[in-house]
Amino acid sequence: MRRFLFIANSSAGTSDRRSVDAALDVLREAGDVRVVTTSTIDELAEELSGREDREVVIAGGDGSLNAFATALCRAGGLGEDPPTVGLVPMGTGNDFARTVGLPKDPVKAARIIVDCPARPVEVLLDDDDHVVTNAVHIGVGEEAGRIAQPWKERLGKVRLGALGYVIGGVAAGVGQRGRRLRVVADGEVVVSGEDRVLQVAVTVGRTVGGGTPIAPGARPGDGRAEVVIAQAVVPLERLRYAAHINRGRHTELDNVISLRAATVTVTGVRHEVAANADGEALEPARERTWRVVPDAYCLHTPEETA
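No experiment lies behind these values; they were computed from the predicted model shown. (Residues numbered from 1 in each chain as written. Predicted model: local features only at pLDDT ≥ 70, side-chain atom pairs only at ≥ 80, totals over all residues. Heavy atoms only, no water.)

Observations regarding the overall build of the chain
Logical step 1: Each helix and strand in the chain was counted, giving eight helices and 17 strands.
Logical step 2: Here the chain holds 306 residues, and the buried ones make up 51% of them.
Logical step 3: The contacts in the chain between residues at least 6 apart in sequence include a share of 74% that link residues at least 24 apart.
Logical step 4: As presented, the chain carries roughly 13,900 Å² of accessible surface, and 48% of it is formed by carbon and sulfur atoms. (Helix = DSSP H or I, 4+ residues; strand = E, 2+ residues; numbered from the N terminus. Buried < 20%, exposed > 50% of the residue type's maximum accessible area, 1.4 Å probe, protein only. Contact = heavy atoms within 4.5 Å. Areas by Shrake-Rupley, 256 points an atom, 1.4 Å probe, with all protein chains shown as cover.)

Side note on the environment of alanine 285
Logical step 1: With respect to the element layout, alanine 285 can be found in strand β16 (residues 280-285).
Logical step 2: Remark: the alpha-carbon pair of alanine 285 and glutamate 272, spanning 13 residues in sequence, is separated by 4.8 Å.
Logical step 3: Once you skip the residues sitting within four places of it in the chain, alanine 285 turns out to touch Glu272 and Val273.

Describing the pattern of salt bridges
Here the idea is simple: oppositely charged side chains can pair when their charged atoms come close.
Logical step 1: This model, assessed by the stated rule, comprises 15 salt bridges.
Logical step 2: With a shortest N-O distance of 3.1 Å, glutamate 47 and arginine 34 are connected by a salt bridge. Of this pair, glutamate 47 sits in helix α2 (residues 41-49) while arginine 34 sits in strand β2 (residues 31-38), placing them 13 residues apart in sequence.
Logical step 3: A salt bridge links arginine 74 to aspartate 42, with the shortest nitrogen-to-oxygen separation between them at 2.9 Å. Taken together, the residues arginine 74 in helix α3 (residues 62-74) and aspartate 42 in helix α2 connect sequence positions 32 residues apart.
Logical step 4: Arginine 74 sits in the exposed class, given a relative accessible area of 53%.
Logical step 5: A cluster of three or more residues bridged by salt bridges with shared partners is formed by Arg219, Asp222, Glu226 and Arg260. (Salt bridge = Lys/Arg side-chain N within 4 Å of Asp/Glu carboxyl O.)

A short note on the nonpolar core
Logical step 1: In this structure, Phe68, Val200, Trp290 and Tyr297 are the most contacted members of the largest nonpolar core, which totals 55 residues.
Logical step 2: With near-sequence residues (within four places) excluded, tyrosine 297 lies in contact with Leu65, Phe68, Pro82, Pro83, Val85, Phe96, Arg119, Pro120, Val121 and Val123.
Logical step 3: With 17 residues, the next largest nonpolar core counts Phe6, Val20, Val88 and Ala110 among its residues. (Core = buried A, V, L, I, M, F, W, Y, C linked by side-chain atoms within 4.5 Å.)

Overview of the packing of α2 against α3
Two measures define how a pair of helices packs: the angle their axes make with one another and the distance between the axes.
Logical step 1: Two numbers describe how α2 lies on α3: the axes approach to 8 Å, and their chain directions differ by 65°. With respect to α3, the element α2 is oriented roughly perpendicular. In the packing of α2 onto α3, the handedness of the crossing is right-handed. Together, Ile41, Asp42, Leu44, Ala45 and Leu48 of α2 and Ala67, Phe68, Thr70, Ala71, Leu72 and Arg74 of α3 make up the contact between the two elements.
Logical step 2: Here the residues of the contact of α2 with α3 are counted per class, giving eight nonpolar, one polar and two charged. (Axes fitted to C-alpha atoms, helices over the stretch in contact; angles between N-to-C directions. Parallel < 35°, antiparallel > 145°, perpendicular 65-115°, else oblique. Left-handed = near helix turned anticlockwise from the far one by under 90°. Nonpolar A, V, L, I, M, F, W, Y, C, P; charged D, E, K, R; others polar.)

Digging into the sheet that holds strand β7 (residues 135-139)
Logical step 1: Read from one edge of the open sheet, six strands run β13-β12-β11-β7-β15-β16, paired in antiparallel fashion. Each edge of the open sheet is held by one strand with a lone partner, namely β13 (256-261) and β16. On average, each strand axis in the sheet is tilted by 20° relative to the strand beside it, whichever way the strands run.
Logical step 2: In the sheet, strand β11 (residues 199-203) pairs with strand β12 (residues 225-230) via five bridges, with the strands oriented antiparallel. Looking at the pairing, glutamine 199 lines up with alanine 230 of β12. (Pairing = 2+ DSSP bridges.)

Points about unusual backbone geometry
Logical step 1: The backbone of aspartate 186 shows a phi angle near 50°, a positive value even though the residue is not glycine.
Logical step 2: One can find aspartate 186 in the loop between β8 (179-185) and β9 (188-191).

Considering the environment of alanine 218
Logical step 1: Mapping alanine 218 onto the fold places it in the loop between β11 and β12.
Logical step 2: Alanine 218 sits in the buried class, given a relative accessible area of 1%.
Logical step 3: Each C-alpha atom, one on alanine 218 and one on leucine 259, is 9.6 Å from the other, the two residues being 41 residues apart in sequence.
Logical step 4: Each residue touching alanine 218, except ones within four places of it in the same chain, is listed here: Thr203, Val204, Gly205, Arg206, Glu226 and Arg260.

Observations concerning the environment of aspartate 278
Logical step 1: Note that aspartate 278 resides in the loop between β15 (273-277) and β16.
Logical step 2: Sequence separation between aspartate 278 and alanine 135 is 143 residues, and the spatial gap between their C-alpha atoms is 5.6 Å.
Logical step 3: One polar contact links the side chain of aspartate 278 to the main-chain amide nitrogen of threonine 133, over a distance of 2.7 Å.
Logical step 4: Side-chain polar atoms of aspartate 278 contact the backbone nitrogen of asparagine 134, separated by 2.9 Å. (Polar contact = N/O pair within 3.5 Å; in protein donor to acceptor, adjacent residues only side chain to side chain.)

Here we look at α3
Logical step 1: For α3, spanning 13 residues, the distance from its first C-alpha to its last is 18 Å, which sits close to the expected 18 Å at 1.5 Å a residue.
Logical step 2: Considered for burial, the residues of α3 that qualify are Asp62, Leu65, Asn66, Ala67, Phe68, Ala69, Thr70, Ala71 and Leu72.
Logical step 3: The positive-phi residue at the C-terminal boundary of α3 is glycine 76, with phi of around 80°. (Expected span 1.5 Å × (residues − 1).)

Side note on the pairing of β15
Regular strands have side chains that alternate between both faces of the sheet.
Logical step 1: In terms of burial, β15 is largely enclosed, as five of its five residues are buried.
Logical step 2: Every second residue of β15 is oriented toward a common face, with Val273, Ala275 and Ala277 on one face and Ala274 and Asn276 on the other, all of them buried.
Logical step 3: Examined bridge by bridge, β7 and β15 share two bridges and lie antiparallel to one another. Directly across from valine 136, in β15, lies its bridge partner alanine 277.
Logical step 4: Pairing of β15 with β16 involves four bridges; the strand directions are antiparallel. Note that in β16 the partner of valine 273 across the bridge is alanine 285.
Logical step 5: With antiparallel pairing between neighbouring strands as the criterion, β15 and β16 make up a hairpin whose turn holds two residues, including aspartate 278 at a positive phi of roughly 50°.

Structure follows, in structure tokens:
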């Protein structure tokens, strides 16, 4: 009999509880389920430390997945004896779930946990041991996330939180003039810092902001990060970039660099660098390095996404 540790957010609303109950019904048919609710990373780390041989099931979105990986890091299990994980998407954006083909329907998502194999997935770790499970942005992406956050909270009360991403993206795209950044990937200078950069994204997943395909070439599980650098800073180039990114065609533009790397360092030439990691703002710093931690956990995914 399979054993599951089902982790739900203590602040879940009524509709979320219905989704949780629907997923639990499926999992209980397959085995023993222990249900816990957590509200802090420390509580989550404590539960993970005592999980024994139970498969972890996370009910939530990108933020919940990030909280799980952060708690795993604190519990000393990141990259060692990777746990088997199932994800029931219940967030606003669900970007990583979208990348690996997980349905938002809780019953279908639970069926994948029961019926489909688990595959290794990497995470990113920065100098401050801050974990990234989907994507980190610098430049226009970071600004869009900062503008979107209060709108997501307001509109989320009427279940329209995803519109916050649209508002943030439009506002940032119009006002952003680019920043002088130096980018080094696997020891090689990719951008020197002499010219302005509109955006740098370092990702495990393919989409951000509820579906924008920022890194269409990302392949979770191959042990590398996808790095996308846009140098489209003049107004006409920004408009062209915006039109292409919505279709995932921006990496075909001459002023966009796309590559894969295990370590990426971004340095602000004149100012500190602000970043947005999995929807959360990081403290500005003059320089940050992200490295890939391969096989951080094993995630149940549909077989067709292998």
